[in-house]
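Single-letter residue listing:
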Amino acid sequence: MLTLLPHTADVPQCQFASLEALLTAPFPQTPEAMLQLEQHLSIAAAQLADQIMLVQLTRAHEAEAFVMQAIAHARAQSPVPLVHKGCRTTSVLLLGGTRLVIETPYLREDRHGRRGRRRRTRGAQGAGCYPVLEALGIADRVSPATRSEVALHVVQAASYREAAEMLARRGLACDVSSLVRISMATAEASPCLRDAALEAALRLPVPPDGALAGKRVRVSLDGGRVRIRRTHRGRKTTKGRHGFSTPWREPRLLVIDILDKQGQPDRLRLPLYDVLLGDAEAVWALLIGYVRLLGAAYAEVVECIADGAEWLWHRVERLSRLAEIPAAKLVEVLDFYHASQ
């Protein structure tokens, strides 16, 4: 069963406007009225889409075969046995700002026959899962499109508060604590999805029609320096804080971009950036996965440019071999500023 969330002190009730009411509204006569009307219609259109999503989610829960398939898949993916605990109530925030209350199947770890006292509190990752919602990509109480919109505004804004204000302007009301929760969960899940895709790219054939096929490609690697914070264990200081140290680490950055005929970056195509704090083997595995996934073997030329660090150059042959890039297409370039030294 799916319903709209009732009015509470924290979450306002969504009042959906009918199409007739929108059409019979008086026409604007000032620029200010025109602006307000446009903003109102934009929010109303998003809420109309939420109503359609409400119908589609209801259909998904009424399809017995789909529900059973989702439950079976969740059990197959779980490292521990799961038991069906019936339907539980949870909420889902949709892209138009509507928060739905959903009664959906709930699975939890089967503790039957386990020794010891029964646990009364939930674990750090919760006590169970909602298989039907997970089959639709709904997690952390937000829909996939909502998660994407939240992540986009969080990385573009200067702060969580600014991101919340920007989302509220388009009708998606989300407080700062929710933005932090959704953003952190997305950040934790993204590397897992990336690693799974790159691991699959190492097993599958290189696509001849990838994004880099027929292009002039430039691959660049470099290391840097950054301090990380390590909190000391033990007692707190007199001010009630734990001491910490800030050792240096070397983040390794890779950039893959497309060049035009003059050898300049193509401004119509955005570069691909990625960075990690792993060792040299990890960043090269990441690079090889990317160039295989994007079909660099079928590029017109692949230019590998970097400084004089040894950890870079003695692995270039491995890039050519594992990414299946012909040696005639691979050009090694020492960047000018390091060469001039």
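Criteria and thresholds
- Residues numbered from 1 in each chain as written.
- Predicted model: local features only at pLDDT ≥ 70, side-chain atom pairs only at ≥ 80, totals over all residues.
- Heavy atoms only, no water.
- Helix = DSSP H or I, 4+ residues; strand = E, 2+ residues; numbered from the N terminus.
- Rg over C-alpha atoms; globule rule 2.2 N^0.38 Å.
- Buried < 20%, exposed > 50% of the residue type's maximum accessible area, 1.4 Å probe, protein only.
- Contact = heavy atoms within 4.5 Å.
- Pairing = 2+ DSSP bridges.
- Axes fitted to C-alpha atoms, helices over the stretch in contact; angles between N-to-C directions.
- Parallel < 35°, antiparallel > 145°, perpendicular 65-115°, else oblique.
- Left-handed = near helix turned anticlockwise from the far one by under 90°.
- Phe/Tyr/Trp six-rings, centres within 6.5 Å; stacked < 30°, edge-to-face > 60°.
- Nonpolar A, V, L, I, M, F, W, Y, C, P; charged D, E, K, R; others polar.
- pLDDT = per-residue confidence, 0-100.
- Core = buried A, V, L, I, M, F, W, Y, C linked by side-chain atoms within 4.5 Å.

(A) Representation of the overall build of the chain. The helix and strand inventory of the chain stands at 11 helices and 13 strands. Compactness check: the chain gives a C-alpha radius of gyration of 26 Å against a globular reference of 20 Å for 341 residues, more than 25% above the reference. Going through the 341 residues of the chain one by one, you find that 34% of them count as buried. Counting only contacts in the chain whose residues sit at least 6 apart along the sequence, the fraction spanning at least 24 positions is 65%.

(B) Focus on the sheet that holds strand β10 (residues 252-259). Pairing in this open sheet of 5 strands is mixed, and the strands run β11-β10-β5-β12-β13 from one edge to the other. The two strands at the open ends of the sheet, each matched to only one other strand, are β11 (272-276) and β13 (330-334). Mean inter-strand twist for the sheet, computed between neighbouring axes without regard to direction, equals 15°. Inspection of the sheet shows strand β12 (residues 301-306) paired to β13 by 5 bridges, in the parallel sense. In the strand pairing of β13, Ile305 is matched with Val333. Against the sheet, helix α8 (residues 280-293) makes contact with β5 (216-223), β10 and β11, and its axis sits at roughly 25° relative to β10, the strand it touches most.

(C) Inspection of the packing of helix α5 (residues 144-156) against helix α6 (residues 160-169) at higher detail. The geometry of α5 relative to α6 is characterised by a closest axis approach of 8 Å and an angle of 130° between their N-to-C directions. In terms of axis orientation, α5 runs oblique to α6. Relative to α6, the crossing made by α5 is right-handed. Residue-level contacts link Glu149, Val150, His153 and Val154 of α5 to Tyr160, Ala163, Met166 and Leu167 of α6.

(D) Representation of the packing of aromatic side chains. Scanning all chains against the criterion turns up 1 aromatic pair. Each ring, one from Tyr106 and one from Tyr130, has its centre 5.3 Å from the other, and the planes form 55°; the classification is tilted. In this pair, Tyr106 sits in strand β3 (residues 99-109) while Tyr130 sits in the loop between β4 (128-129) and α4 (131-135), placing the two residues 24 residues apart along the sequence. Look at Tyr106 and you get buried, because its relative accessible area is 8%.

(E) The packing of α5 against helix α7 (residues 176-203), seen in detail. Put simply, α5 and α7 touch, their axes get as near as 10 Å, and they point 100° apart. Between α5 and α7, the angle falls in the class roughly perpendicular. Of α7, the residues touching α5 (which contributes Arg147, Val150, Ala151 and Val154) are Leu179, Ile182, Ser183, Ala185 and Thr186. Taken together, the residues that form the contact of α5 with α7 break down as 6 nonpolar, 2 polar and 1 charged.

(F) Just the confidence of the model for the chain, in detail. The share of residues in the chain with pLDDT of 70 or more is 90%, and the mean pLDDT across the chain is 83. Throughout residues 3-15 the model reports pLDDT below 50, and contacts reaching past four residues in sequence, or to other chains, amount to 20 contacts.

(G) How the structure looks around the nonpolar core. Grouped together as the largest cluster of nonpolar side chains are 30 residues, with contacts concentrated most on Leu254, Ile256, Trp284, Leu287, Val291 and Val302. Elements with a minimum of two residues in this core: β5, β10, α8, β12, α9 (310-313) and α10 (316-322). Top element by residues in this core is α8. It accounts for 8 residues. In this view, Val302 contacts Val217, Val219, Ala296, Ile325, Lys329, Leu330 and Val331; residues no more than four positions away in its chain are not counted. Among the nonpolar cores identified, the runner-up in size contains 12 residues, and Ala157, Ala163, Leu172 and Ile182 belong to it.

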